[in-house]
Amino acid sequence: MPRDPLIGIVGKPSSGKSTTLNSLTDAAAAVGAFPFTTIEPNKATGYLQVDCACSRVGKEDLCKPNYGWCSNGKRHIPVMLLDVAGLVPGAHSGRGLGNKFLDDLRHADALIHVVDVSGTTDAEGKNTRGYDPLNDIVWLQDEIRLWIEGNLKKRWGSIVRRHTATKSSAVDTLQAQFGGYGSQATMIQKALARIEDLPPLEEWDDEWITKVVKSFMMEKFPTVLALNKMDHPDADKNVSKIMMKYPDTKAVLTSAITEVFLRKLKKQGFIHYEEGTEFVDTFEDDPENLKELDEKLLNRIENIRDLVLYRFGSTGVLQVLQAATDVLGLIPVYTVKNIQTFTGGNGTNVFRDCFLVKKGTPVGKVSRYIMGGEVTIAAIETVGGIRVSEEAVVEPGKNDILSFKIAPRSTA
Ligand SMILES: Nc1nc2c(ncn2[C@@H]2O[C@H](COP(=O)(O)OP(=O)(O)OP(=O)(O)O)[C@@H](O)[C@H]2O)c(=O)[nH]1
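- The name an unreviewed UniProt entry assigns to the protein is OBG-type G domain-containing protein, from the organism Henningerozyma blattae.

1. Comments concerning the overall build of the protein
- A tally of regular secondary structure across the protein gives 13 helices and 14 strands.
- Taking 2.2 N^0.38 as the reference for a compact globule, 412 residues should give roughly 22 Å; the C-alpha atoms of the protein span a radius of gyration of 24 Å, in line with that estimate.
- Taken along its principal axes, the extent of the C-alpha atoms in the protein is 80 × 75 × 35 Å.
- In the protein, the proportion of contacts linking residues at least 24 apart, taken out of those at least 6 apart, comes to 66%.

2. Focus: the domain arrangement of the protein
- You can read the domains of the protein as domain 1 (6-41 + 84-245), domain 2 (256-315) and domain 3 (333-406).
- Taken over C-alpha atoms, the centre of domain 1 sits 36 Å from the centre of domain 3.

3. A closer look at helix H11 (residues 295-312)
- For H11, with 18 residues, the first-to-last C-alpha span of 24 Å sits near the 26 Å given by 1.5 Å per residue.
- The largest bend in H11 is about 45°, located at Arg 305.
- Those residues of H11 that are buried are in contact with helix H10 (256-267) and strand S9 (280-281).
- Directly after H11, the chain includes Gly 313, whose backbone phi takes a positive value near 90°.

4. A few points about the sheet that holds strand S14 (residues 401-406)
- Spatially, 5 strands are ordered S11-S10-S14-S12-S13 in an open sheet, and the strand pairing comes out mixed. What marks the edges here is a single partner per strand, and that holds for strand S11 (353-358) and strand S13 (386-387).
- Taken together, the 6 bridges between strand S10 (residues 330-335) and S11 define a ladder with antiparallel strand orientation. Considered in S11, the bridge of Leu 330 is made with Lys 358.

5. A short note on the environment of Leu 6
- Within the element layout of this structure, Leu 6 appears in strand S1 (residues 6-10).
- Measuring from C-alpha to C-alpha, the distance between Leu 6 and Asp 109 comes to 5.5 Å, with 103 residues separating the pair along the chain.

6. Describing the packing of helix H1 (residues 17-24) against H10
- Running from N to C, H1 and H10 cross one another at 40°; their axes reach a closest spacing of 8 Å. By the criterion of interaxial angle, the relationship of H1 to H10 is oblique. Remark: the crossing between H1 and H10 carries left-handed chirality. Where H1 approaches H10, its residues Thr 19, Thr 20, Asn 22 and Ser 23 are matched on the opposing element by Ala 256, Ile 257, Glu 259, Val 260 and Arg 263.
- Residue composition of the contact of H1 with H10, by class: 3 nonpolar, 4 polar and 2 charged.

7. Thoughts on the nonpolar core
- Of all hydrophobic cores here, the largest spans 88 residues; its most connected members are Ile 112, Ala 226, Leu 227, Val 320 and Phe 351.
- Contact partners of Leu 227, with chain neighbours within four places excluded, come to Val 115, Val 117, Val 239, Ile 242, Ala 251, Val 252, Leu 253 and Thr 254.

8. A short note on the pairing of strand S5 (residues 110-116)
- Burial analysis of S5 places 7 of its 7 residues in the buried class, which makes it a mostly covered element.
- Neither face of S5 is left uncovered, since the one carrying Ala 110, Ile 112, Val 114 and Asp 116 and the one carrying Leu 111, His 113 and Val 115 both have all their residues buried.
- Bridge count between S1 and S5: 4 bridges; the pairing is parallel. Across the sheet, Val 10 pairs through a bridge with His 113, a residue of S5.
- Examined bridge by bridge, S5 and strand S6 (residues 223-228) share 6 bridges and lie parallel to one another. Paired with Asp 116 across the strands is Asn 228, a residue of S6.

9. Some thoughts on the pairing of S14
- With 2 bridges joining them, S10 and S14 adopt parallel strand pairing. Across the sheet, Thr 335 pairs through a bridge with Leu 402, a residue of S14.
- Where strand S12 (residues 377-382) and S14 come together, 4 bridges link them in antiparallel fashion. What sits directly across from Ile 377, in S14, is Ile 406.

10. Things to note about the packing of helix H4 (residues 134-154) against helix H8 (residues 206-220)
- With their axes 10 Å apart at the nearest point, H4 and H8 run at an angle of 125° to one another. As judged from the angle between their axes, H4 and H8 are oblique. Here H4 and H8 pass one another in a crossing that is right-handed. Two secondary-structure elements touch here, H4 through Ile 144, Arg 145, Ile 148, Glu 149, Leu 152 and Lys 153 and H8 through Ile 209, Thr 210, Val 213, Lys 214 and Met 217.
- For the contact of H4 with H8, the residue count by class is 6 nonpolar, 1 polar and 4 charged.

Calculation criteria
- Throughout this document, residue positions are counted from 1 along each chain, in the order its sequence is written.
- Confidence filtering applies because this is a predicted model: local features only for residues at pLDDT of at least 70, side-chain atom pairs given and counted only at 80 or more, and all residues used for totals across whole chains, interfaces and linings.
- Runs of H or I in DSSP of at least four residues are treated as helices and runs of E of at least two as strands, each being numbered from the N terminus.
- For this measure, only C-alpha atoms enter the radius of gyration; the expected value for a globule follows 2.2 Å times N^0.38, where N is the number of residues.
- Any residue pair is listed as a contact if its two C-beta atoms, each placed from the backbone, are within 7 Å.
- For the purposes of this description, domain bounds are those given by an automatic or database domain assignment.
- What a helix should span is 1.5 Å times the count of its residues minus one.
- Note that bend, as reported per residue, equals the angle between axes fitted to the 7 residues terminating at that residue and the 7 residues originating from it.
- A pair of strands counts as paired when DSSP detects no fewer than two bridges linking them.
- To define axes, lines are fitted to C-alpha atoms, for helices over the stretch in contact only, and angles between the resulting N-to-C directions are given on a 0 to 180 degree scale.
- Throughout, the term roughly parallel applies to angles under 35 degrees, roughly antiparallel to angles over 145, roughly perpendicular to angles from 65 to 115, and oblique to all others.
- The crossing is said to be left-handed when, going from far helix to near helix, the turn is anticlockwise and less than a right angle, and right-handed when the turn is clockwise.
- Think of it as three bins: nonpolar holds Ala, Val, Leu, Ile, Met, Phe, Trp, Tyr, Cys and Pro, charged holds Asp, Glu, Lys and Arg, and polar takes everything else, Gly as well.
- Each nonpolar core comprises buried Ala, Val, Leu, Ile, Met, Phe, Trp, Tyr and Cys residues, the members being joined through C-beta atoms within 7 Å.
- Any residue whose C-beta has 12 or fewer other C-beta atoms within 10 Å is treated as exposed, any with 20 or more as buried, and any in between as partly exposed, C-beta atoms being built from the backbone.

Shown next, in the form of structure tokens:
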């Protein structure tokens, strides 16, 4: 990935996008119960939680990231998030905030689709009861597809003429069209390879174009479902339906509002709460360090424990970000100056630098990505001072702690 990954948060109005974003970041996106609270796309930094390399080598106490933070071996790596303003059915043809939404989307590498599984908001985000959230998954995918298809079909005649005249490959022709969505030729190759019996491009009719666009979307916009508002009593039946209909789609149950609430109480000194876990301590557990909660808040904590934390193991919010980086195949790589002590420069702190790269990226590419093309790398080492070749690939737990030895500049 030539730049830092960007995860887009999509979903209909009032599904809980801003709340999800708030719960993942310290940004204060406007939260409201009515459609289009979010007018402008909102970029913010979320934090991906991973088991840090420091815990592998027993140096948790010395770990001090340059970006994000690490506590007890859990590292929080910054990831850019994009909150995309309310999408409604018909957006591709300009309804709601329409194409603006779709134009923002093109920068995203993966999507988190926040689905309101309580069934209390309709397709446009208005209050209702008994709404089937399966519809939202269908129409949202359709909107993105129709937008891409629309752009393609508008010019299809000239695209085919040019394709034939220049004797281009289907990949080159499509890359010229899809480049604006941030696509790469490898994505298009994969997308086309997945389609059985695909005829030559000049023979594609509308049906083939739809198939191609659908397949392209799987590459360009891999999607994770955040099944939000799981704290609501009607959520269970809707969740089961979605899981049955989309068994291959990654879905995580979330209660974004619970995460926001718990983080707030934690900041105010009422509870100990480790994000991503089911553990909440109150005054009763630690009277020396925590403030006492009034009865109303205490009851709310009890409900949260019963309805969310003990039932599902967490609020799910951190897990949804993990799932999104998983579908992109991203893993953390730690670069250190000293491969024996894992320190950088002459400091005592370890594992200051950490980057997300695609699993399977050759080590040489990581070095160029991080050090830039100008320096010459003399050697690359991993744990134990073991030399690794530029072609060796990074895997979780293997070649993911690296030290680059720079060749001295020639004075000739
Ligand atoms: N019960 C419950 N309500 C939630 C949850 N997450 C969000 N909400 C509520 O749902 C409403 C809409 O949330 P927002 O985060 O503003 O939704 P949005 O998708 O950003 O909406 P737009 O800005 O209109 O696009 C608010 O009243 C939230 O408090 C949740 O996990 N559970």
